[in-house]
Amino acid sequence: MKLPSIPKIIGTLLLIACFFANFNVFAHAPLAREAHGVIQSIDYQKQILTLTYAQAPGPQKLIWKSNTQFMRDLKTVSATELKVGMDVTIYYHSPFFGKPYATKVVWTNNS
């Protein structure tokens with residue numbers, strides 16, 4: 001009776017280990033992207049912001065969700081505080097499928 005060779009045994013064990021390995025895969029980046037822009041229009045009914053950017057590119061239109069934070073002078077406020085022409089910093093996600101959405105919108109009274 002012939003014994004299996006050591007490389008075959010090691011290869012088989014590695015293959016079995018790969019089946020039981022746990023891999024974390026994300027469909028989008030886990031961290032939000034940051035962009036600085038100026039609000040061109042706001043649709044409160046559909047929850048859509050239209051922005052322009054001076055330097056870095058970003059999505060022209062962003063939606064916001066019920067868990068989106070709006071912060072003025074580092075205090076949480078409602079979305080109705082946003083006005084057209086304000087300079088804002090937006091933290092957003094761009095999923096593979098669907099529209100880019102804002103997770104946080106930050107501005108100061110000076111802008």
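Above this text you will find the structure in question.
Okay, so let's go over this structure. As the structure is a computational prediction, the values presented were derived from the model and not from experiment.

**So, the nonpolar core**
And then number 1: Core analysis: the largest hydrophobic core is formed by 19 residues, its most contacted members being Leu49, Leu82, Val88, Ile90 and Val105.
And then number 2: Mapped onto this core, the elements with two or more residues apiece are β1 (33-43), β2 (48-53), β3 (61-72), β5 (87-93) and β6 (101-107).
And then number 3: Residues within four places of isoleucine 90 in sequence aside, it is in contact with Arg33, Glu34, Ala35, Leu49, Leu51, Leu62, Ala102, Lys104 and Val105.

**So, the packing of aromatic side chains**
And then number 1: Taken as a whole and judged by the stated rule, the model has 2 aromatic pairs.
And then number 2: Pairing tyrosine 44 with tryptophan 64 gives two aromatic rings, centres 6.3 Å apart and planes at 70°, and the pair type is edge-to-face. Of the two residues, tyrosine 44 is situated in the loop between β1 and β2 and tryptophan 64 in strand β3; the sequence distance between them amounts to 20 residues.
And then number 3: According to the relative accessible area criterion, tryptophan 64 is buried, its value standing at 6%.
And then number 4: Ring centres of tryptophan 64 and phenylalanine 70 lie 5.6 Å apart, and the angle between their planes is 85°; this geometry places the pair in the edge-to-face category. No difference in accessibility class separates tryptophan 64 from phenylalanine 70, as the two residues are buried.
And then number 5: Counting every residue linked through ring pairs, the aromatic cluster contains Tyr44, Trp64 and Phe70.
And then number 6: Here lysine 65 stacks its cationic end above the ring of tyrosine 101, 3.9 Å away from the centre of that ring.
And then number 7: Cation over ring: lysine 104 sits above tyrosine 91, and NZ or CZ is 5.6 Å from the ring centre.

**A few points about the side chain of threonine 68**
And then number 1: Looking at the secondary structure, you find threonine 68 in strand β3.
And then number 2: A distance of 2.7 Å separates the side chain of threonine 68 from the backbone oxygen of alanine 102, its partner in a polar contact.
And then number 3: Contact partners of threonine 68, with chain neighbours within four places excluded, come to Ala102, Thr103 and Lys104.

**Let's talk about the pairing of β5**
And then number 1: The buried count for β5 comes to 5 of 7 residues, which makes it a mostly enclosed element.
And then number 2: Here 5 bridges tie β5 to β6, and the two strands are oriented antiparallel to one another. Opposite tyrosine 91, over in β6, you have lysine 104 as the bridge partner.

**With respect to the pattern of salt bridges**
And then number 1: Under the definition given, this model contains 1 salt bridge.
And then number 2: In this structure, arginine 72 engages glutamate 81 in a salt bridge whose closest nitrogen and oxygen atoms are separated by 2.3 Å.
And then number 3: A relative accessible area of 24% means that arginine 72 is categorised as partly exposed.
And then number 4: We classify glutamate 81 as partly exposed; its relative accessible area is 31%.

Conventions adopted
- Residues numbered from 1 in each chain as written.
- Predicted model: local features only at pLDDT ≥ 70, side-chain atom pairs only at ≥ 80, totals over all residues.
- Heavy atoms only, no water.
- Core = buried A, V, L, I, M, F, W, Y, C linked by side-chain atoms within 4.5 Å.
- Buried < 20%, exposed > 50% of the residue type's maximum accessible area, 1.4 Å probe, protein only.
- Helix = DSSP H or I, 4+ residues; strand = E, 2+ residues; numbered from the N terminus.
- Contact = heavy atoms within 4.5 Å.
- Phe/Tyr/Trp six-rings, centres within 6.5 Å; stacked < 30°, edge-to-face > 60°.
- Lys NZ or Arg CZ within 6 Å of the ring centre and 35° of its normal.
- Polar contact = N/O pair within 3.5 Å; in protein donor to acceptor, adjacent residues only side chain to side chain.
- Pairing = 2+ DSSP bridges.
- Salt bridge = Lys/Arg side-chain N within 4 Å of Asp/Glu carboxyl O.

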